[in-house]
Amino acid sequence: HYFIQSNLRVVVCSMAAEKVNPEVSANVFSQLTFHWVNSIFSTGYKRPLTPDDVFAIDPRLQSERLTALLEQQWFQEAEKKKKPSLLFTLLKRHLFTLIWIFFLANIEAALRLMVPYFVAEVTSYFDPTSGMSFKTAIYWSIGLGMLQLNNVSFRSWMFYRIMRFGTSIRVSVTGLIYRKACRITQSEIGDRSIGLIINLITNDAQRLDEYIVPSYVLLNIWLVIGMGFGMMYLKIGIFATLAGFTSMLLFIPLQFAIGKLILHLRTKIAPLTDRRVKIIHEIVSFMKIIKMYGWEIMFRDLVDKVRQKETKLIGTFVLMRAINNALLFISPILSLIVVIVVKRYVGEPLNTSDLFFYLSIANTLKLYINIFL
């Protein structure tokens, strides 16, 4: 293992019993194709895996190292400000990583939006009125094949890097909470319970992984909207593009309102979860006394009452998310109908490749917009 103290001094311990992570020394091709994990897949195919077959953790993801770096940054911010912000501390700590992810996310978004355009050009070859030559169609097909390689190499690698980034944040924040919990005294805890600390680590900190992956949309949504609008204008005309975009934008206020309701429900669920965990912790701690006085039914009813309120809110939360997802799938179809009506009204020609192109771009845009909201 590698342990890096707060002064970033590396202490090398025994690594003879662990296999070195091959990702550390993998080349660019191996990184893009994930060839470095094939060895453990091959071993698992031949025989059941054992703990000795598992790779050691990447030294760059060691909890001791990540926590020490974040704690050092936190202490620096605490010296400058009376009330330091954890969000600002994380942004400052991972500034260069965020810039790198911003660059990768924009490249991935541009490549993704170009795929429908190439598909539309390839399919237009089969339209007798297009006049496209066979040689030109071959060129478009080769370009489409090159873009599809993005799905199996660059995009997968980019998402993996983002997930690693989310894991590093979660591990460092969890380690920081643990170190703080080890140093805090009983008088400093006050009204806070052990259940609150457990809930912070098991629920709140774990959500960092869930939000980091889709948060990259914030970095490139304006590029996606701009490129999408421009490509639609070149392919289907200004009137149909404006009509399609407007019909999709009409769903945003409704989705935004549902998103606010979902956030409100989540803030109401969290205190109930903290209270339930606190009650269960107290029951486990004083089990002998509860058994001695026969208070089992009373405490069972107390937990059930809190759990019923929590379950009711969770049910409403899941229902709102289902409605939001339904609107997500409906909006591109309705906007496509609007585009068809507008194209017929203004008398502009409309073919299958144009409809396919618009629907593909609309599906990409609705995905980005939904994650953004």
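**What to know about the overall build of the protein**
Counting its secondary structure elements, the protein contains 16 helices and 2 strands. Of all 373 residues assigned to the protein, the portion counted as buried reaches 36%. Contacts in the protein between residues at least 24 apart in sequence constitute 74% of all its contacts with a sequence separation of at least 6. Accessible surface computed for the protein: about 22500 Å², of which carbon and sulfur atoms make up 68%.

**Notes on helix α15 (residues 296-346)**
Compared with an ideal rise of 1.5 Å per residue, which puts 51 residues at 75 Å, α15 spans 74 Å between its outermost C-alpha atoms and is within 8% of the ideal. Maximum bend of α15: about 30°, positioned at I330, with proline P332 one to four residues after it. Downstream of α15 by a residue or two, G347 has a phi angle that is positive, lying close to 80°.

**Topic: the pattern of salt bridges**
Under the defined criterion, the tally for this structure stands at 15 salt bridges. Its salt-bridge partner being E23, residue R161 comes within 3.5 Å of it at the nearest N-O pair. With R161 in helix α7 (residues 154-183) and E23 in the loop between β2 (10-12) and α1 (28-33), this residue pair connects regions lying 138 residues apart in the sequence. Look at E23 and you get buried, because its relative accessible area is 2%. Because the salt bridges share partners, they merge into one network encompassing E23, D58, R60, R161 and R164.

**What about the nonpolar core?**
If you look at the biggest cluster of nonpolar residues, it comprises 20 residues, and the most contacted ones within it are M232, Y358 and L365. Of all the secondary structure elements, the ones that give two or more residues to this core are α5 (95-124), α11 (217-236), α12 (238-249), α15 and α16 (352-372). In this structure, M232 is in contact with G237, T241, F245, F357, Y358, I361, A362 and L365, ignoring residues within four places of it in sequence. Judged by nonpolar contacts, the second largest core, of 15 residues, contains W157, I162, L176 and I177.

**Section: a nonpolar patch on the surface**
Together, F134, I138, Y139, I142, M146, L149 and V152 make up an exposed nonpolar region whose accessible area comes to about 750 Å². Note on placement: L149 falls in helix α6 (residues 134-152). Residue L149 is classed as partly exposed on the basis of its relative accessible area, which comes to 45%.

**A few points about the side chain of R164**
Its place among the elements puts R164 in helix α7. Those residues in contact with R164 that lie beyond four places of it in its chain are E23, D58, R60 and L61.

**Some details on the packing of α5 against α7**
In the contact formed by α5 and α7, the axes pass within 10 Å of each other and the chain directions differ by 150°. As judged from the angle between their axes, α5 and α7 are roughly antiparallel. Once α5 is placed against α7, the crossing between them reads as left-handed. Here α5 contributes T97, L98, W100, I101, L104, A105, I107, E108, L111 and R112 to the contact with α7, which in turn contributes F154, R155, W157, M158, F159, I162 and F165.

**Some remarks on helix α13 (residues 251-285)**
With 35 residues, α13 should reach 51 Å at 1.5 Å per residue; the first-to-last C-alpha distance of 51 Å fits that figure. What α13 keeps buried is the set F251, Q255, I258, I262, L265, I269, L272, T273, D274, R276, I279 and I283.

**Regarding the packing of helix α3 (residues 63-80) against helix α4 (residues 86-93)**
At their nearest, the axes of α3 and α4 sit 10 Å apart, and the two run at 120° to each other. Judged on the interaxial angle alone, α4 and α3 are oblique. Every pair of crossing elements has a handedness; the one defined by α3 and α4 is right-handed. Contacts between α3 and α4 involve L69, L70, Q73, W74, E77 and K80 from the former and L86, F88, T89, L90, K92 and R93 from the latter. When the residues that make up the contact of α3 with α4 are grouped by side-chain class, the tally is 6 nonpolar, 2 polar and 4 charged.

**A look at the environment of S353**
Note on placement: S353 falls in helix α16. On the basis of relative accessible area, S353 is assigned to the buried category, the value being 9%. Once residues lying within four places of it in the same chain are set aside, the contact partners of S353 are A120, T123 and S124.

**Observations regarding the confidence of the model for the protein**
Looking at the protein, pLDDT values average 80 and 90% of them are 70 or higher. Taken element by element, the predicted model of the protein shows its lowest mean pLDDT in strand β1 (residues 2-4) (36) and its highest in helix α2 (residues 38-46) (88). Below a pLDDT of 50 lies the segment residues 1-17, which in the model reaches 30 contacts outside its immediate sequence neighbourhood of four places, other chains included.

**Details of the packing of aromatic side chains**
Counted by the stated rule, this structure contains 11 aromatic pairs. A centroid spacing of 4.9 Å and a plane angle of 75° characterise the contact between F118 and W140, whose relative ring orientation is edge-to-face. Of the two residues, F118 is situated in helix α5 and W140 in helix α6; the sequence distance between them amounts to 22 residues. On the basis of relative accessible area, W140 is assigned to the partly exposed category, the value being 22%. Both rings, one in Y293 and one in W295, keep their centres 4.9 Å apart while their planes meet at 15°; by these two values the pair is stacked. Grouped by ring-pair contacts, the aromatic residues Y117, F118, W140 and F357 constitute a single cluster. Above the plane of the ring of F88 lies K81, whose end atom (NZ or CZ) is 4.0 Å from the centre. Sitting over the face of the ring of Y117, K235 holds its NZ or CZ atom 5.6 Å from the ring centroid.

What counts and how
Residues numbered from 1 in each chain as written. Predicted model: local features only at pLDDT ≥ 70, side-chain atom pairs only at ≥ 80, totals over all residues. Heavy atoms only, no water. Helix = DSSP H or I, 4+ residues; strand = E, 2+ residues; numbered from the N terminus. Buried < 20%, exposed > 50% of the residue type's maximum accessible area, 1.4 Å probe, protein only. Contact = heavy atoms within 4.5 Å. Areas by Shrake-Rupley, 256 points an atom, 1.4 Å probe, with all protein chains shown as cover. Expected span 1.5 Å × (residues − 1). Bend = angle between axes of the 7 residues up to and from the residue. Salt bridge = Lys/Arg side-chain N within 4 Å of Asp/Glu carboxyl O. Core = buried A, V, L, I, M, F, W, Y, C linked by side-chain atoms within 4.5 Å. Patch = residues over 30% accessible without salt bridge, like charges linked within 9 Å, V, L, I, M, F, W, Y side chains within 5 Å. Axes fitted to C-alpha atoms, helices over the stretch in contact; angles between N-to-C directions. Parallel < 35°, antiparallel > 145°, perpendicular 65-115°, else oblique. Left-handed = near helix turned anticlockwise from the far one by under 90°. Nonpolar A, V, L, I, M, F, W, Y, C, P; charged D, E, K, R; others polar. pLDDT = per-residue confidence, 0-100. Phe/Tyr/Trp six-rings, centres within 6.5 Å; stacked < 30°, edge-to-face > 60°. Lys NZ or Arg CZ within 6 Å of the ring centre and 35° of its normal.

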